[in-house]
Amino acid sequence: MCKLWTKLTGVMVMASFVVSDIALAAGEKASPLVIVADTRRLTGWEAWFANLYNESHVYFTLLTVITIPVVGVILGLIADLVMSHIGIDLKSRELAEH
Amino acid sequence: MIKKLSLFTILTVLSSVFIFACGELGKVDQGRVIEFDKEKGTVTIVRDKKANSKNPDYSYLPPVIYEIPKDPKEMGQEPKTGKRMKLDTGNSQIVIFDMATQNFKTITYKLVEQKENIGKEDPLVYDRAADKPKNFPVIDREKKTITIYSKRQKVLTTLSLPTEYFTLPDNTWDSGDEVRIYYKEEGKARRFMNVSKTDIFKK
């Protein structure tokens, strides 16, 4: 119980430092960092993907987060297929030790 | 049950993203700012004709007017205006946008001094004590000279012009900020980026 209270007090002290840091950082109001992807010379899917970023960061993030694992699975399956064709068997193993 | 639910959620999110993404997306425009009216909420740019950010060509006429985004989160730093479109050091010519004729004007100048390969943090153009860039152009109305610094060309030029040009406003000799606009409807910016004042590598 005593340990718990010590930890809680420590967290509160650290939090107070963080709050004061935020207050110090709140100086002159800066303009937001706005980025527009340059799609003027892009065509096809590249233009579409970059324009999706310009349209909505939320949708761009969602699509990226979903696309990466899907592409990973597809590449993994292709690698599996290639390896089984060249004779590398990853589905079973024989123990060499006796 | 949980597996079915998570699969259903992923499929719902994926289909909604694709439905949204298949809709009509906007276009991007880029140019140099010649006028900015904060009260009216409009910005006038001379479009980059080549669409090549490394070697721009500000020669598209007429100038294009855009309404700036109403949402302040979609608007970057306010742009600086300027009428200098090109500094041709090889032919000793300067191209400005003339507001009276709404056209470009090419002026041949007499070179006084030129220093090349001047980076943006060179002591000649950067005040280390104040930690900010020095103000350019420097206009000397007595000597009839103008000193211009071009960050892109890395050149610091002092040139001499006929007396008649010294009645023009100071920003005639300055280059306006380069801005990039995302729009869906002609003349209405949905997102506004000040390329000249945005350093994505700065913390």
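In this text, all values refer to a predicted model and were calculated from it rather than measured experimentally. (Residues numbered from 1 in each chain as written. Chains lettered and ligands numbered in written order. Predicted model: local features only at pLDDT ≥ 70, side-chain atom pairs only at ≥ 80, totals over all residues. Heavy atoms only, no water.)

Here we take up the pairing of strand 4 (residues 84-88) of chain B. Residue and element names in this part refer to chain B. Counting buried residues along strand 4, four of its five residues qualify, which places the element largely inside the surrounding structure. Strand direction decides the pairing type here: strand 4 and strand 5 (residues 93-98), joined by four bridges, are antiparallel. Residue pairing for strand 5: Arg84 is matched across the bridge by Ile96. Linkage of strand 4 to strand 5, two consecutive antiparallel strands, is achieved through a turn of four residues, within which Ser92 is found at a positive phi near 50 degrees. (Buried < 20%, exposed > 50% of the residue type's maximum accessible area, 1.4 Å probe, protein only. Helix = DSSP H or I, 4+ residues; strand = E, 2+ residues; numbered from the N terminus. Pairing = 2+ DSSP bridges.)

Residue and element names in this part refer to chain B. Sheet architecture is open: three strands sit in the order 4-5-6, paired in antiparallel fashion. Among the strands making up the open sheet, the edge pair consists of strand 4 and strand 6 (103-108). Neighbour to neighbour, the strand axes of the sheet diverge by 20 degrees on average, direction disregarded. (Axes fitted to C-alpha atoms, helices over the stretch in contact; angles between N-to-C directions.)

Moving on to the side chain of Thr157 of chain B. Residues and elements named next belong to chain B. Summarising the element assignment, Thr157 is placed in strand 12 (residues 155-160). For Thr157, a relative accessible area of 0% puts it in the buried group. At 3.4 Å, the side chain of Thr157 forms a polar contact with the side chain of Gln114. Not counting residues up to four positions away in its chain, the partners in contact with Thr157 are Leu87, Thr89, Tyr109, Leu111, Glu113, Gln114, Ile146, Thr147 and Ile148. (Polar contact = N/O pair within 3.5 Å; in protein donor to acceptor, adjacent residues only side chain to side chain. Contact = heavy atoms within 4.5 Å.)

Attention shifts here to the interface of chain A and chain B. Interfaces are often sized by the amount of accessible area the parts lose when they come together. Taken together, the contact pairs 23 residues of chain A with 31 residues of chain B. Contact between chain A and chain B buries roughly 2,500 Å² in total, counting both sides, with carbon and sulfur atoms accounting for 66%. At the boundary of chain A and chain B, one finds four salt bridges. Residue Glu55 of chain A is joined to Lys184 of chain B by a salt bridge in which the shortest nitrogen-to-oxygen separation is 3.3 Å. One can count ten residue pairs in polar contact (both at pLDDT 80 or more) joining chain A with chain B. (Buried area = accessible area lost by both parts, 1.4 Å probe. Salt bridge = Lys/Arg side-chain N within 4 Å of Asp/Glu carboxyl O.)

Enumeration according to the criterion identifies seven aromatic pairs over all chains in this entry. Between Phe136 of chain B and Tyr149 of chain B, the ring centres sit 6.0 Å apart and the planes meet at 50 degrees, which makes this aromatic pair tilted. Remark: Tyr149 of chain B occurs in strand 11 (residues 145-150) and Phe136 of chain B occurs in the loop between strand 9 (132-133) and strand 10 (138-140); sequence separation between them is 13 residues. Between Tyr165 of chain B and Trp173 of chain B, the ring centres sit 6.3 Å apart and the planes meet at 85 degrees, which makes this aromatic pair edge-to-face. Across this residue pair, the class does not change: Tyr165 of chain B and Trp173 of chain B are buried. Linked through ring pairs, Trp48, Phe49, Tyr53 and Phe60 of chain A together constitute an aromatic cluster. (Phe/Tyr/Trp six-rings, centres within 6.5 Å; stacked < 30°, edge-to-face > 60°.)

Residues and elements named next belong to chain B. Considering all chains together, one arrives at 14 salt bridges over all chains under this definition. Here Lys115 ties to Glu113 by a salt bridge, and the two come within 3.5 Å at their closest N and O atoms. Taking the relative accessible area as the measure of exposure, Lys115 reaches 33% and is therefore partly exposed. Taking relative accessible area as the criterion, Glu113 reaches 40% and is therefore assigned partly exposed. Lys188 is the partner of Glu185 in a salt bridge, and the nearest nitrogen-oxygen pair spans 3.9 Å. With relative accessibility at 48%, the residue Glu185 sits in the partly exposed group. Residue classification places Lys188 among the partly exposed residues on the basis of a relative accessible area of 36%.

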